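Inside the fold
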Amino acid sequence: HLFFFNNKNVMTLLRAAGMRPVSWFRMGKWLSAEYVLHLAETGAESSVGRLLHRTIGRTILGRIPLYLPVMDNMVVIAKKDV
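Throughout what follows, the structure given in this document is the object of discussion. (Residues numbered from 1 in each chain as written. Predicted model: local features only at pLDDT ≥ 70, side-chain atom pairs only at ≥ 80, totals over all residues. Heavy atoms only, no water.)

**Remarks on the overall build of the protein**
To be explicit about the condition: Each helix is a run of H or I in the DSSP string that is no shorter than four residues. Each strand is a run of E no shorter than two, and both are numbered from the N terminus. Atoms counted for the radius of gyration: C-alpha only. Globule rule: 2.2 Å times residue count to the power 0.38. Remark: exposure states derive from per-residue accessible area (1.4 Å probe, protein chains only) relative to the maximum for the residue type, with buried under 20%, exposed over 50%, and partly exposed in between. Throughout, a contact is declared for two residues whenever any of their heavy atoms are within 4.5 Å. Method for areas: the Shrake-Rupley scheme with a 1.4 Å probe, in which residue coverage is limited to the protein chains shown. In summary, the charge assignment counts Lys and Arg as positive and Asp and Glu as negative, without counting His or the chain termini. Here the site of a charge means NZ on Lys, CZ on Arg, CG on Asp, or CD on Glu.
On a plain count of helices and strands, the protein comes out with three helices and two strands. Helices (α) and strands (β) of the protein occur, in sequence order from the N terminus, as α-β-α-α-β. Scaling as 2.2 N^0.38, a compact globule of 82 residues should have a C-alpha radius of gyration of about 12 Å, whereas the protein reaches 18 Å, well beyond that. Each principal axis of the C-alpha atoms in the protein carries an extent, and together these give about 55 × 20 × 20 Å. For the protein, the proportion of its 82 residues judged to be buried stands at 13%. Sequence-distant contacts, at least 24 apart, represent 74% of the contacts inside the protein between residues at least 6 apart. Approximately 6500 Å² of the protein is accessible, and the part contributed by carbon and sulfur atoms is 64%. Distance between charge centroids for the protein: 9 Å, based on 11 positive and 5 negative side chains.

**Quick look at the pattern of salt bridges**
As a reminder, the rule being used: Each reported salt bridge corresponds to a side-chain nitrogen of Lys or Arg within 4 Å of a carboxyl oxygen of Asp or Glu.
Per the stated rule, a full pass over the model turns up four salt bridges. Note that D72 is salt-bridged to K29, the shortest N-O span being 2.8 Å. Separated by 43 residues along the polypeptide, D72 in strand β2 (residues 65-80) and K29 in strand β1 (residues 19-32) bring together distant segments of the chain. For the salt bridge of R50 with E41, the shortest nitrogen-to-oxygen distance reads 3.9 Å. For R50, a relative accessible area of 33% gives the class partly exposed. The buried category is assigned to E41, whose relative accessible area is 13%. Through salt bridges with shared partners, one network takes in E41, R50 and R54.

**Comments concerning the side chain of E41**
Within the secondary structure, E41 is located in helix α2 (residues 33-42). Excluding residues that lie within four positions of it along the chain, E41 makes contacts with S46, G49, R50, H53 and R54.

Structural data, given as structure tokens:
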């Protein structure tokens, strides 16, 4: 299941739970090179991605962690109102 949150619907959920945000920020994520190449092959339907995924993705190089600063992860620290 996928859920897409933005500032507005997070605030609605927090208020409904009797909470308020203390801090929030967005961040990227760490993915293996193999997974990034897999996404390039399947998601982008890239012939270059397919070639790289099949030749490099399943080797030790595929284990290299890559940080993708796509800022699609939202971290919310909230406090219960008393």
